[in-house]
Amino acid sequence: VTGWNALIPEVESIPGHLSEAFRRFQTQRPRPIQLEVPTDVLAQEADVELPLPVDYPPKQGHPDQVERAARLLAGASRPAIWVGSGLISSNATPELLELCELLQCPVTTTHGGKGAIPDDHPLALGCSLGGRGYGSNPIHDFLETCDCLLVVGSSLPYRSTVEVGLKLPPRLLHVDIDSQVFGNNYPAELAIEGDARAVLAQLVHALKGRETAKSENRLKELRGIKSQVLQRLHEEGPNQQRTMDAL
């Protein structure tokens with residue numbers, strides 16, 4: 001149930017273990033860490049050196065993989081971006097907006113990624129959550145029609161994807177700080193290990209000045225999908241939706 005745990009055998013080892021814990025917090029997918037200090041060690045004293053705080057640079061994506069992802073996105077006629085809580089953790093909204101506007105590419109979010117893009121942005125589709133008690137979601141049907149999907153900062157958890165019958169495009173580009181999430185539920189044509197903000201900035205840099213397959217009808221199509229989503233919400237949860245509209 002932890003990302004890392006350790007037994008601290010002596011007082012002198014406490015500062016080093018705490019530093020390692022915070023290095024992991026800053027450079028890896030945030031997960032619980034457990035440090036065990038035996039009670040006899042708690043009763044001891046020692047002279048220790050307290051390490052200074054360290055700012056770790058965000059992990060960049062491999063340049064060759066980023067370049068390949070940029071080519072695939074630029075050549076796609078119906079690309080889409082799906083973002084999760086990893087994008088929130090890395091404060092990557094500015095880079096996400098720049099990328100989706102470069103590509104004229106719609107963005108949907110997981111429930112943990114809500115807020116990654118303003119809901120009133122023309123390219124924001126809304127939350128992708130659907131199936132089971134949540135009801136059907138037109139975004140699921142839309143994602144199946146895309147020819148390239150960029151997933152950023154989401155582990156694509158089984159419960160909200162495969163279990164509800166969600167089908168994703170074979171051309172799946174997956175960006176995440178944790179390489180262990182790649183290929184668990186959907187095979188990725190290209191997997192890039194790295195910080196969401198850092199990799200999105202690399203993609204923006206790689207795509208600037210490059211020809212992309214923009215469609216004049218894309219915004220009209222997205223307005224139609226958002227209208228379908230709103231209608232479905234009113235049909236399946238009328239009281240809840242009226243409450244949200246009033247707020």
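Before reading on, note that the structure itself is shown above.
Cut-offs used in this document
Residues numbered from 1 in each chain as written. Predicted model: local features only at pLDDT ≥ 70, side-chain atom pairs only at ≥ 80, totals over all residues. Heavy atoms only, no water. Helix = DSSP H or I, 4+ residues; strand = E, 2+ residues; numbered from the N terminus. Expected span 1.5 Å × (residues − 1). Buried < 20%, exposed > 50% of the residue type's maximum accessible area, 1.4 Å probe, protein only. Contact = heavy atoms within 4.5 Å. Core = buried A, V, L, I, M, F, W, Y, C linked by side-chain atoms within 4.5 Å.

Outline helix H7 (residues 196–207), supporting the account with residue identities and numerical values.
In this model H7 runs 16 Å from its N-terminal to its C-terminal C-alpha over 12 residues, within 8% of the 16 Å that 1.5 Å per residue would give. Burial analysis of H7 places 9 of its 12 residues in the buried class, the great majority of the element. Looking only at H7, the buried set comprises Ala 196, Ala 198, Val 199, Leu 200, Gln 202, Leu 203, Val 204, Ala 206 and Leu 207. Here the buried face of H7 lies against helix H3 (63–75), helix H4 (85–89), helix H5 (93–103), strand S6 (148–152), strand S7 (172–176) and strand S8 (190–193). Downstream of H7 by a residue or two, Gly 209 has a phi angle that is positive, lying close to 80°.

With reference to specific residues and values, describe the environment of Val 152.
By secondary structure assignment, the location of Val 152 is in strand S6. Val 152 gets classed as buried once you look at its relative accessible area, which sits at 1%. Discounting residues that sit within four places of it in the chain, Val 152 has contacts with Trp 82, Val 83, Gly 84, Leu 87, Val 175, Ala 196 and Leu 200.

Which residues make up the nonpolar core, and what are the values?
Grouped together as the largest cluster of nonpolar side chains are 53 residues, with contacts concentrated most on Ile 81, Leu 96, Leu 99, Leu 143, Leu 150, Leu 200 and Leu 203. The element that contributes the greatest number of residues to this core is H7, accounting for 7 residues. The contact partners of Leu 200, leaving out residues within four places of it in the chain, are Leu 87, Ala 92, Glu 95, Leu 96, Leu 99, Leu 150 and Val 152.

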